[in-house]
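Each chain is listed here by its residues.
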Amino acid sequence: MNSVTASPSVGHTVRGACPHDCPDTCALLTTVENGVAVRVQGNPEHPATAGVLCTKVARYPERTYHPDRVLQPLKRSGPKGSGQFTPVSWDEALDTIAARLGAIAARNPEAVLPYSYAGTMGLVQGEAMAARFFHRMGASLLDRTICSAAGGEALLYTIGAKLGMRVEFFAESRLILIWGSNSITSNLHFWRHAQEAKRRGARLVCIDPRRTETAEKCHEHLQLLPGTDAALALALMHELITHDWIDRDYIERHTLGFEALAARALQWPPERAAEVCGLPVAQIRALAQAWGTTQPAAIRLNYGMQRVRGGGNAVRAIACLPALTGAWRHRAGGLLLSSSGAFPIDRAALHRPDLLGTRRPRTINMSTIGDDLLRVASSGFGPKIEALVVYNSNPVAVAPESAKVVQGFAREDLFTVVLEHFRTDTADHADFILPATTQLEHWDIHTSYGHTDVLLNRPAIAPLGQARPNTEIFRALATRMGYTEACFADDDLTLCRTAVGARVDFERLLAQGFAPLELPEAPFAEGNFPTPSGRCEFWSERLAAQGLDGLPDHLPNHEASGSDPRHPLAMISPPARHFLNSSFVNVESLRASEGEPLLEIHATDAAARGIADGDEVRVYNDRGSHRCIARISPRARAGVVNGLGVWWRKFGRDGTNVNELTSQRLTDLGRGPTFYDCLVEVERFAPGAQRSAAEGCA
Ligand SMILES: Nc1nc2c(c(=O)[nH]1)N[C@H]1C(S)=C(S)[C@@H](COP(=O)(O)OP(=O)(O)OC[C@H]3O[C@@H](n4cnc5c(=O)[nH]c(N)nc54)[C@H](O)[C@@H]3O)O[C@H]1N2
Ligand SMILES: Nc1nc2c(c(=O)[nH]1)N[C@H]1C(S)=C(S)[C@@H](COP(=O)(O)OP(=O)(O)OC[C@H]3O[C@@H](n4cnc5c(=O)[nH]c(N)nc54)[C@H](O)[C@@H]3O)O[C@H]1N2
Ligand code: SF4
Ligand SMILES: [Mo]
């Protein structure tokens, strides 16, 4: 293969979409030669992709044809969690699974739990046939909170929906706050626009406890303590109000609760926030002045900053800033956290909750799967979880407090089916692993949370081995369970049409691969917030009605810095650049770029513990202990250590990853996880002297 194989005379190209949980949702062009996908590139015709992919997905063929792909159904042949399997036929696997699920469901369908997230963001291979299947059964519902629940609810209560600026207009902003986002790692195509703005003279400010590659390239970096963003936002409001850097006309016409918010903000002079955030006062004052006196000014917020107890309130506080200064008046001003609310998706038609009839199954929060798998039947909880069907997710690696998650998955009396590409940490705990197709092998429809185009993914190659699309697997199970409703006969192309609905031109998708939504350039220039009041709600009556604070406030972390002398360091575990959550960890070229699990630690914290760069260390708290290599790094601020994630446990030195340390405590809004609200201690690892976590913390 040479560098010009994109030419149609040598191979043909197939239009697709990147399936990963990334705001960029790139349009892909896959070059196929003799039935083999030889290259995956960015589609140059798609404006948001502009022909560029990240290094991870540029390696998609390496992942797809990886020798470790699971290509036939596997049945457990050793003890639970041993990772020992033997191949079986599809018929044997499906018959056995349908019989087991059927028997459990006959007693109580709520004892069956689907567990899925965003391994693919596709609307068809995600919750389409799967949701129909579990609704028909009456299985427990899953609250899919693990990523964005706190921030999502915060947007709903403040600006009314997951809506915001169009990403391309950031190029015209004069001031951009990159807040809780390592854009170069996790939002590369936004970074392109930020760079353009910088070239045109814009000022870039990064707000992040870690000195990321993105922070390094901004003009200013506010390296605050984790979980203190609301305090910073309230101090910015204090300065905006006391200096009258506010847009009184916009506030009067398009916001609700200014007087109350102002009273709250006036309790937050910059000195107080500086103390809480661990920042110089002057830096806070300067940022307030910049935000108050520059237009157009924009905030690129990402989910990194809402994985703490007060994450919802923090997003609410930050989402007030553009309304206070009227930044929304400009198309290059305002805020973007997620654009996913812009898509007119008919989820009921896809998921068919009507198949539940009058049944109202309980809901299990995916972020507390560790505890929930260990619960016995009770009137409050309902039946014990007896069967788990996992697809598009790797909970044993990504869910918090792994020790409990592993203990739950290791239950001999739990029947676990995992639809996967690889033998992940989760698949190792399965009774059956069913081989799933990758994005190159199936149809799908994609929306985005970073731009506003719909994309169609066409299969580029035939399924490898015996792999089947998730949809096909749930269809086959439905047949065996005797589910005869017509919706179980829908093929994938029909599901694609159902997903896009009538407001998107499907013929255009078939021809071009993508279709932009028709949207205003500046969504809130004239107010029109989709809240009950139609205004940006500084004060939320809906929150007050639930007995919650109607105003945003700073809620200190569950495990705030300085609150526990035995565990003096705050640990955050943000994404590694060459992985996507726990995907790609097994792709050798990408794993080589990351090396091995590392803990970034500030020189002062390392010296205080006699730790040298490259030492093996033990990171621990009352929940567990994780061994890795210490990297003394200017990326870590004093008092905060960074354990980049999310590694597969089996690649860890002691078979663990950072989630051995994280807790199952939840966020203020949305019942989300608090991965970055976690105190630890670190010590040099001396072989032989290792104490158990419990002893170490006694
Ligand atoms: N390469 C790569 N790209 C990814 C992912 C990946 O794993 N790898 N993950 C994808 C997923 S699932 C998502 S949800 C998206 C968004 O993913 P996010 O998880 O938002 O990822 P980042 O953009 O890295 O933003 C996290 C940043 O927030 C910082 N941070 C941590 N705690 C705090 C805090 O309390 N306050 C503030 N201000 N900052 C904090 C971290 O140091 C980090 O730099 O990215 C997606 N893109
Ligand atoms: N400590 C810590 N933990 C975290 C985070 C963190 O920042 N720090 N980030 C959190 C966040 S933001 C998120 S979104 C979650 C992500 O957690 P998950 O959504 O579980 O994401 P992945 O780890 O990428 O696992 C997805 C799995 O789906 C599989 N998959 C992909 N496509 C398909 C398909 O078409 N069919 C089937 N059957 N399987 C498929 C992949 O092979 C992969 O193993 O992790 C969370 N966990
Ligand atoms: S992971 Fe993100 S940047 Fe990479 S190809 Fe997919 S959508 Fe694009
Ligand atoms: Mo996420």
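The rules behind these values
- Residues numbered from 1 in each chain as written.
- Chains lettered and ligands numbered in written order.
- Predicted model: local features only at pLDDT ≥ 70, side-chain atom pairs only at ≥ 80, totals over all residues.
- Heavy atoms only, no water.
- Helix = DSSP H or I, 4+ residues; strand = E, 2+ residues; numbered from the N terminus.
- Rg over C-alpha atoms; globule rule 2.2 N^0.38 Å.
- Buried < 20%, exposed > 50% of the residue type's maximum accessible area, 1.4 Å probe, protein only.
- Contact = heavy atoms within 4.5 Å.
- Areas by Shrake-Rupley, 256 points an atom, 1.4 Å probe, with all protein chains shown as cover.
- Lys, Arg positive; Asp, Glu negative; His and termini not counted.
- Charge placed at Lys NZ, Arg CZ, Asp CG, Glu CD.
- Near = heavy atom within 4 Å.
- Polar contact = N/O pair within 3.5 Å; in protein donor to acceptor, adjacent residues only side chain to side chain.
- Nonpolar A, V, L, I, M, F, W, Y, C, P; charged D, E, K, R; others polar.
- Domains from an automatic or database assignment.
- Buried area = accessible area lost by both parts, 1.4 Å probe.
- Salt bridge = Lys/Arg side-chain N within 4 Å of Asp/Glu carboxyl O.
- Pairing = 2+ DSSP bridges.
- Axes fitted to C-alpha atoms, helices over the stretch in contact; angles between N-to-C directions.
- UniProt positions renumbered as here; feature names shortened; annotations may be inferred.
- Parallel < 35°, antiparallel > 145°, perpendicular 65-115°, else oblique.
- Left-handed = near helix turned anticlockwise from the far one by under 90°.
- Expected span 1.5 Å × (residues − 1).

Colleague: Could you clarify how one ought to interpret the overall build of the protein chain in this entry?
Modeller: Summing up its helical and strand segments, the protein chain has 25 helices and 27 strands in all. Its C-alpha radius of gyration of 25 Å places the protein chain within 12% of the 26 Å reference for a compact globule of 698 residues. Along the longest, intermediate and shortest principal axes, the C-alpha atoms of the protein chain span 70 × 65 × 60 Å. Here the protein chain, with 698 residues, has 64% of them falling under the buried criterion. Across the protein chain, every contact between residues at least 6 apart in sequence was considered, and the portion connecting residues at least 24 apart equals 77%. With the model as given, the accessible surface of the protein chain reaches about 24,200 Å², and the carbon-plus-sulfur share is 51%. With 72 positive and 76 negative side-chain charges, the protein chain shows a separation of 1 Å between the mean positions of the two kinds.

Colleague: It is not clear to me how the site of ligand 1 should be interpreted in this structure. Could you clarify?
Modeller: Near ligand 1 lie 35 residues; those nearest to it are S186, D208, D229, R307 and F579. At a separation of 2.9 Å, a nitrogen atom of ligand 1 approaches a polar backbone atom of T185. R577 is positioned with one of its backbone polar atoms (N or O) 3.1 Å from a nitrogen atom of ligand 1. Considered on its own, ligand 1 offers 890 Å² of accessible surface; in the complex 99% of this is hidden by protein. Looking at the shell around ligand 1 residue by residue, the classes come out as 18 nonpolar, ten polar and seven charged.

Colleague: Explain the domain arrangement of the protein chain here, please?
Modeller: Accessible area lost on assembly of the parts is the figure often given for the size of an interface. Domain boundaries in the protein chain define domain 1 (12-64), domain 2 (74-147 + 351-515), domain 3 (150-337) and domain 4 (569-696). One C-alpha centre belongs to domain 2, the other to domain 4; they are set 30 Å apart. Taken residue by residue, the interface counts 25 residues in domain 2 and 20 residues in domain 4. A buried area of about 1,800 Å², summed over both sides, lies between domain 2 and domain 4, and 49% of it is on carbon and sulfur atoms. Of all residues in domain 2, the largest losses of buried area upon contact with domain 4 belong to P400, E401 and D425, amounting jointly to 27% of the total for that side. The closest approach of N and O atoms between R671 and D143, which form a salt bridge, is 3.9 Å. If you look at where domain 2 meets domain 4, you find 15 residue pairs in polar contact (both at pLDDT 80 or more). Those elements that place two or more of their residues in the side of domain 2 that touches domain 4 are α16 (369-373), α17 (395-398) and α18 (402-409). Counting residues per element, the side of domain 2 that touches domain 4 draws most heavily on α18, which supplies four residues.

Colleague: Please clarify how the pattern of salt bridges should be interpreted in this entry.
Modeller: Summed over the entire model, instances satisfying the criterion amount to 51 salt bridges. Salt-bridge contacts for R76 lead to D431; the nearest nitrogen and oxygen are separated by 3.0 Å. Taken together, the residues span a long stretch of sequence, with R76 in strand β4 (residues 74-76) and D431 in the loop between β16 (415-420) and β17 (432-435) at a distance of 355 residues. Residue classification places R76 among the partly exposed positions, given a relative accessible area of 21%.

Colleague: Is there a simple way to explain unusual backbone geometry in this structure?
Modeller: Trans is the common state for peptide bonds, and a negative phi is the common state for residues other than glycine. Residue Q295 is joined to P296 through a cis peptide bond whose omega torsion reads -10°. In this fold, P296 is placed in the loop between α13 (281-293) and β12 (297-301). A cis geometry characterises the amide bond from G645 onward to V646, with omega recorded as -10°. Structurally, the position occupied by V646 is in the loop between β26 (640-643) and β27 (679-684). The residue A50 is not glycine, and still its phi comes out positive at about 50°. Relative to the elements of secondary structure, A50 occurs in the loop between β3 (36-42) and α1 (55-58).

Colleague: It is not clear to me how the environment of Y117 should be interpreted in this structure. Could you clarify?
Modeller: Assignment of secondary structure puts Y117 in the loop between β6 (112-116) and α4 (129-137). Separated by 96 residues in the primary sequence, Y117 and E213 have C-alpha atoms spaced 28 Å apart.

Colleague: It is not clear to me how the sheet that holds β4 should be interpreted in this structure. Could you clarify?
Modeller: The strands making up a sheet associate through backbone hydrogen bonding, with each pair oriented either parallel or antiparallel. Taken in spatial order, the six strands make up an open sheet running β5-β4-β17-β16-β15-β6, and their pairing is mixed. Whereas interior strands pair on both sides, the edge strands pair on one side only; in this sheet they are β5 (85-87) and β6. The mean angle between the axes of side-by-side strands here comes to 20°, regardless of whether they run parallel or antiparallel. Looking at chain direction, β16 and β17 are connected through four bridges and run parallel.

Colleague: Mind showing me how you'd approach the UniProt feature "domain: 4Fe-4S Mo/W bis-MGD-type" (unreviewed entry) in the protein chain here?
Modeller: The positions that UniProt labels "domain: 4Fe-4S Mo/W bis-MGD-type" (unreviewed entry) are, in the present scheme, residues 11-68. The straight-line gap between the two end C-alpha atoms of residues 11-68 is 26 Å; of that span, 16% is helix and 34% is strand.

Colleague: How do you make sense of the packing of helix α9 (residues 229-242) against α13 when you look at a structure like this?
Modeller: When two helices pack together, you describe them by how their axes are tilted relative to each other and by the distance separating the axes. Contact pair α9 / α13: the axes reach a minimum separation of 9 Å and the direction vectors enclose 60°. In terms of orientation, α9 and α13 fall into the oblique class. Once α9 is placed against α13, the crossing between them reads as right-handed. Mapping the contact onto sequence places L232, A235, L236, E239 and L240 in α9 and I284, R285, L287, A288, W291 and G292 in α13. Tallied by class, residues from the contact of α9 with α13 come to eight nonpolar, one polar and two charged.

Colleague: Before we go on, may I ask you to explain the site of ligand 2 in this structure?
Modeller: With respect to spatial proximity, 31 residues lie near ligand 2, and among them R63, E420, S582, S583 and Y676 are the closest. A distance of 2.9 Å separates an oxygen atom of ligand 2 from a polar atom in the backbone of N394. In the environment of ligand 2, a nitrogen atom lies 2.9 Å from a nitrogen or oxygen atom belonging to the side chain of S573. In the complex, the protein chains occlude 97% of the 920 Å² of accessible area that ligand 2 would expose alone.

Colleague: Just checking my understanding: could you explain helix α19 (residues 470-481) for this structure?
Modeller: Every α-helix winds through 3.6 residues per turn, so residues three or four apart in the chain are directed the same way. Its twelve residues place the ends of α19 16 Å apart at the C-alpha level, agreeing with the 16 Å of an ideal helix rising 1.5 Å per residue. All buried positions along α19 are accounted for by N470, T471, I473, F474, R475, A476, L477, A478 and M481. In the core, the buried residues of α19 are packed alongside α3 (90-107), α4, β15 (387-391), β16, β17 and α20 (492-500). Remark: G482 follows α19 within two positions and exhibits a positive phi of approximately 80°.

Colleague: Would you explain the packing of helix α5 (residues 149-158) against helix α14 (residues 311-324) in this entry?
Modeller: Packing of α5 against α14 leaves a shortest axis separation of 8 Å and a crossing angle of 40°. It follows from the interaxial angle that α5 and α14 lie oblique. As α5 runs across α14, the sense of the crossing is right-handed. Here A150, G151, A154, L155, Y157 and T158 of α5 lie close against α14, whose contacting residues are G311, G312, V315, R316, A319 and C320.

Colleague: Before we go on, may I ask you to explain the sheet that holds β3 in this structure?
Modeller: Spatial ordering of the open sheet is given by β1-β2-β3, a layout of three strands whose pairing is antiparallel. Bordering the open sheet on either side are β1 (12-17) and β3, each of which pairs with just one other strand. Within this sheet the neighbouring strands show an average axis-to-axis angle of 30°, counted without direction. Bridging between strand β2 (residues 27-33) and β3 involves six bridges; their strand directions are antiparallel.

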